[in-house]
Amino acid sequence: MIKNDLFLRALKGETVERPPVWMMRQAGRYLPDFMKLKEKYDFFTRCRTPELAAEITTMPIEQVGTDAAILFSDILVVPQAMNVEIEMKPGVGPFLPNPVRSPLDVNDIIVPDVYEELGYVYDAIKLTKERLNDEVPLIGFAGSPWTILCYLVQGQGSKNFDKAKEFCFKRPDAAQVLLQKITDTTIAYLKGKVKAGVDTIQIFDSWGGLLSPTDYQTYSWKYIQQIIDALKDEIPVIAYGKGCWFALKEMSQSGAAALGVDWTCSAMNARYLSGGQITLQGNFDPSRLYSSPQEIKKMTTQMIDEFGKDRYIANLGHGILPDIPVKNAQAFVDAVKEYKPR
Ligand code: CP3
């Protein structure tokens, strides 16, 4: 049904002519047309207005030609629906006036009716699907429960999320209650996204790599596995964990269709650790898009040579940076599209 189904075929592990390509955080951030919308509408207005979300989602498809679209939204709309006030401060990022700091605070967090609280996301998906006209698949997403907890407790972005970790290790029982509430909400939320029409789901565990391998199991992976279990029979799930190379073996046995890897793990190690069968996605260093288009093309071709063209989705290892020139992002996408197996 989808005209360009390279991405869906790669998720199934089928043989492809060339790998599909998209870029994490491709919707919004660096495109000049997006910057213009950003001047006019604040962040959550853009998320809550289906026409704007659909317009931003389709921009990279029309302007740089990626093989998949990712819905313009944010992982933090989920905790917002759970009764937490979240602001997006321009130039700073997420800010929570009342972060979760005690077991009592956890009691105030609700598991909402997602259709009531997040209906605008489903409307945005339906409108985006119409606009995409089945040209490319649409990716829906959610943050991992651990990554959401990081913001809920820390109250803002951080290099090490020290307050989030302190809370987990001083109040492990309350942390598990909170993580389970986020998990339950996320499962309902993602099932709604599937009903609304997304073609695949990615779970962003952006801060999983801050945990030790043992704590990763207890505070992050356990909950991601619940989400995968609840969705895997309905839709392919991509699990992306930044810095989580140590968990690739376990992740490869989870029922996920594909695993995202960052640039600190070589293709060879990622294939080895994940058992060699599962589709991998990644892992170009987003800062490498500051290199010249010529160098970007060379490095991208080399990356595909290393991963192999099959069971592979070309992507960055984390989100695209806001000041990347469009021509450099274009060089990355073009290099994948021009790829010829050796
Ligand atoms: O891929 C896409 O572009 C689709 C939309 C998308 C956004 N956020 C839009 C956004 C996606 C997939 C996200 C995911 C997200 N949000 C993650 C996981 C991926 C990652 O980058 O690690 C995280 C940790 C967040 C939380 C978040 N939202 C932060 C830390 C920030 C501020 C800094 C930043 O990354 O720009 C946001 C704001 C945000 N989310 C913006 C956009 C386009 C920028 C603010 C704005 O446009 O006004």
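Just so it is clear, the model here is predicted, and its values are computed rather than measured.

Visitor: Describe the overall build of the protein chain, naming the residues involved and giving the relevant values.
Guide: Across its full length, the protein chain holds 16 helices and nine strands. The C-alpha atoms of the protein chain give 19 Å as radius of gyration, which agrees with the globular expectation for 342 residues (20 Å, within 12%). When burial is assessed residue by residue, the protein chain has 58% of its 342 residues classed as buried. Total accessible area computed for the protein chain in this model is approximately 14100 Å², and 50% of it derives from carbon and sulfur atoms. Looking at charge distribution, the protein chain has the averaged site of its 39 positive side-chain charges lying 4 Å from that of its 42 negative ones.

Visitor: Explain empty space enclosed by the protein residue by residue, including any values.
Guide: Throughout the structure, instances matching the rule amount to one cavity of 30 Å³ or more. In this model, the largest cavity occupies a volume close to 40 Å³. Looking at the largest cavity, the residues that line it are Gly241, Cys244, Trp245, Leu248, Met251, Gly260, Val261, Asp262 and Cys265. If you list the elements that add at least two residues to the lining of the largest cavity, you get α13 (248-252) and β7 (258-261).

Visitor: Account for the UniProt feature "site: Transition state stabilizer" (unreviewed entry) in the protein chain, with residues named and values stated.
Guide: Listed under "site: Transition state stabilizer" (unreviewed entry) in the UniProt record, and renumbered for this structure, are Asp74. Taking the relative accessible area as the measure of exposure, Asp74 reaches 15% and is therefore buried. Beyond its immediate sequence surroundings of up to four residues, Asp74 is in contact with Phe43, Cys47, Met88 and Phe141. At 3.0 Å, the side chain of Asp74 forms a polar contact with the backbone nitrogen of Leu76.

Visitor: Pulling in residues and values, what's your account of the packing of aromatic side chains?
Guide: For the coordinates displayed, the defined rule picks out 14 aromatic pairs. Seen in terms of ring centroids, Phe43 and Phe44 are 5.0 Å apart; in terms of plane orientation they differ by 70°. Their pairing is edge-to-face. Phe44 matches Phe43 in its accessibility class, with the two residues each being buried. Centroid distance Tyr115 to Tyr122: 5.3 Å. Interplanar angle 40°. Geometry classified as tilted. Assessed through its relative accessible area of 42%, Tyr115 is described here as partly exposed. Among the aromatic residues, ring-to-ring pairing joins Phe34, Phe43, Phe44 and Phe72 into one connected group. Against the face of Phe95 rests Lys89, its NZ or CZ located 4.0 Å from the ring centre. Across from the ring centre of Phe141, 4.5 Å away, lies the NZ or CZ of Lys193, which sits over that ring.

Rules and cut-offs
- Residues numbered from 1 in each chain as written.
- Predicted model: local features only at pLDDT ≥ 70, side-chain atom pairs only at ≥ 80, totals over all residues.
- Heavy atoms only, no water.
- Helix = DSSP H or I, 4+ residues; strand = E, 2+ residues; numbered from the N terminus.
- Rg over C-alpha atoms; globule rule 2.2 N^0.38 Å.
- Buried < 20%, exposed > 50% of the residue type's maximum accessible area, 1.4 Å probe, protein only.
- Areas by Shrake-Rupley, 256 points an atom, 1.4 Å probe, with all protein chains shown as cover.
- Lys, Arg positive; Asp, Glu negative; His and termini not counted.
- Charge placed at Lys NZ, Arg CZ, Asp CG, Glu CD.
- 1 Å grid on protein atoms, 1.4 Å probe; cavity = no way out; pocket = protein on both sides within 12 Å on 5 of 7 lines; lining within 4 Å.
- Points joined across faces, edges and corners; volume = space filled by probe spheres on them.
- UniProt positions renumbered as here; feature names shortened; annotations may be inferred.
- Contact = heavy atoms within 4.5 Å.
- Polar contact = N/O pair within 3.5 Å; in protein donor to acceptor, adjacent residues only side chain to side chain.
- Phe/Tyr/Trp six-rings, centres within 6.5 Å; stacked < 30°, edge-to-face > 60°.
- Lys NZ or Arg CZ within 6 Å of the ring centre and 35° of its normal.

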